[in-house]
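Summary of structural features
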Amino acid sequence: MRIAIIAGEASGDILGAGLITALKQRVPNLEAFGVSGPRMEAAGCESLASIDALSVMGLVEVLKEVPRLFRFRKQLIRQIVARKPDVVVGIDAPDFNLGLERRLRARGIKTVHYVSPSVWAWRQGRVKGIANSVDLMLTLLPFEAEFYRDSGVPVRFVGHPLADAIPEDPDPLEARAVLGLPASGRVLALLPGSRGSEIERLGLPFLDAAERLCAGIPDLHCVLPAANDKARTRIEALLKGRNLPLTVVDGQAQTAMAASDVVLIASGTATLETLLVGRPMVVAYATNAFTAWLMLDAGLLKSPHVSLPNLLIDEPVVPELLQEAASVEMLTGVTRLLLTRPAYAQAQTRQFAAVREALRQDADSRAAEAVLELVA
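Described below are features of the structure shown in this document. The structure presented is a predicted model; accordingly, all values stated were derived computationally and were not measured. (Residues numbered from 1 in each chain as written. Predicted model: local features only at pLDDT ≥ 70, side-chain atom pairs only at ≥ 80, totals over all residues. Heavy atoms only, no water.)

Together, E146, D150, D314 and E315 give the surface a local cluster of negative charge. The exposure class of D150 is exposed, given its relative accessible area of 73%. (Patch = residues over 30% accessible without salt bridge, like charges linked within 9 Å, V, L, I, M, F, W, Y side chains within 5 Å. Areas by Shrake-Rupley, 256 points an atom, 1.4 Å probe, with all protein chains shown as cover. Salt bridge = Lys/Arg side-chain N within 4 Å of Asp/Glu carboxyl O. Lys, Arg positive; Asp, Glu negative; His and termini not counted. Charge placed at Lys NZ, Arg CZ, Asp CG, Glu CD. Buried < 20%, exposed > 50% of the residue type's maximum accessible area, 1.4 Å probe, protein only.)

Structure representation (structure tokens):
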């Protein structure tokens, strides 16, 4: 069996490596090639190009790279067609991969897309183009599969690799020891996001809220994981002149979650990690006024909730503070409730356990089985 896999970033490299490993357990003579990272290559994937070729961030940067990406896609199509794979799997990177898959499918090659774009949340009309691009969609979340079934697109829910990887109910004392945090008292984890724009909009209100909370809760200590050196520099600038019991750590976001009693967090994938770790949270998000108007007021956002935990539970279990609602006063008040009223926190974490079990499906194996069924 011969498979082409195209991954566009580090998370896709992880998924691709898991898929290749699971396929090789079932098909020992598997030949894998494509756009890969170090994990996929270690799993036995022949690299036609590095994932760095697709790792472009930012609107201006993407626009500058469009001619190169078009040339790269044409070259990749020629290489894939010449090698006649049984199936092509595009992992995430939908703007690049769905166009690639559509062209390869038109040439008679079976195509799979692994990780759904957020078509269920906005620009739902994209599903027509997806239907023309893929023979099978593999989703990480169950409600995504329901959307594709309703739209007539072949789909398989495989579970979420994070649910397989994150241990259930990690020991908070062990996590605190790893990060050098106090063993006693309460801990609040602050995760305002990793991008500069997120830290700019949420970093200041998160830290202001933390100051107010620490003033009223004497045994409270805060921990803030910095995703990279640029994030740390921005965070340290916001901390100047503050008298705040706070530890900044490099990376280790999951460990910070495990060490905490409550997590104050920007909306995004990290909210799913918080759910899987089993910690109560307050979710906030703020973007520029025009984007917020399009999403919230003009109706571009079709989903009833913003945070992944609420989407998965289909109830507003987790507080969502968006735009003006993400004020220091609101952030302080809602977070204080979770820190000081155990019943509020437990109402969240009871719901999290069921979601964790639903997502823990051995995603690598299920994805491999779905691919093999398609090519059988």
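Next comes the rest of the description.
Below, the discussion takes up the side chain of S260. Looking at the secondary structure, you find S260 in the loop between α11 (253–259) and β11 (262–266). S260 has contacts with V187, A189 and R279, leaving out every residue within four places of it along the chain. (Helix = DSSP H or I, 4+ residues; strand = E, 2+ residues; numbered from the N terminus. Contact = heavy atoms within 4.5 Å.)

Taken together, six strands build an open sheet; the order of strands is β10-β9-β8-β11-β12-β13 and the sheet is parallel. The sheet is open, and its two edges are formed by β10 (246–250) and β13 (320–322), each paired on a single side. Going from strand to strand, the sheet's axes swing by 20° on average, the running direction of each strand aside. The sheet contact formed by β11 and strand β12 (residues 281–285) spans four bridges and is parallel. (Pairing = 2+ DSSP bridges. Axes fitted to C-alpha atoms, helices over the stretch in contact; angles between N-to-C directions.)

This part is about the packing of aromatic side chains. Scanning the model with the defined rule gives two aromatic pairs in all. When the centroid spacing of 5.6 Å and the interplanar angle of 80° are considered together, the rings of F147 and Y148 count as edge-to-face. A relative accessible area of 17% places F147 in the buried class. In this arrangement the basic side chain of R83 is found over the ring face of F33, its NZ or CZ atom lying 4.2 Å from the centre. (Phe/Tyr/Trp six-rings, centres within 6.5 Å; stacked < 30°, edge-to-face > 60°. Lys NZ or Arg CZ within 6 Å of the ring centre and 35° of its normal.)

It is worth spelling out the pairing of strand β6 (residues 136–139) at this point. Burial of the side chains of β6 extends over both faces: L136 and L138 are buried on one face and M137 and T139 on the other. Examined bridge by bridge, strand β5 (residues 110–114) and β6 share three bridges and lie parallel to one another. Bridge assignment links H113 to a residue of β6, and that residue is M137. Looking at chain direction, β6 and strand β7 (residues 155–157) are connected through three bridges and run parallel. When the sheet's bridge partners are listed, M137 is paired in β7 with V155.

Attention shifts here to the packing of helix α12 (residues 269–277) against helix α16 (residues 342–359). Direction vectors running N to C along α12 and α16 enclose 105°, while the axes themselves pass 8 Å from each other. Between α12 and α16, the angle is such that the two are roughly perpendicular. Two secondary-structure elements touch here, α12 through L272, L275 and L276 and α16 through F352, V355, R356 and L359. Of the residues contributing to the contact of α12 with α16, the split by class is six nonpolar, no polar and one charged. (Parallel < 35°, antiparallel > 145°, perpendicular 65-115°, else oblique. Nonpolar A, V, L, I, M, F, W, Y, C, P; charged D, E, K, R; others polar.)

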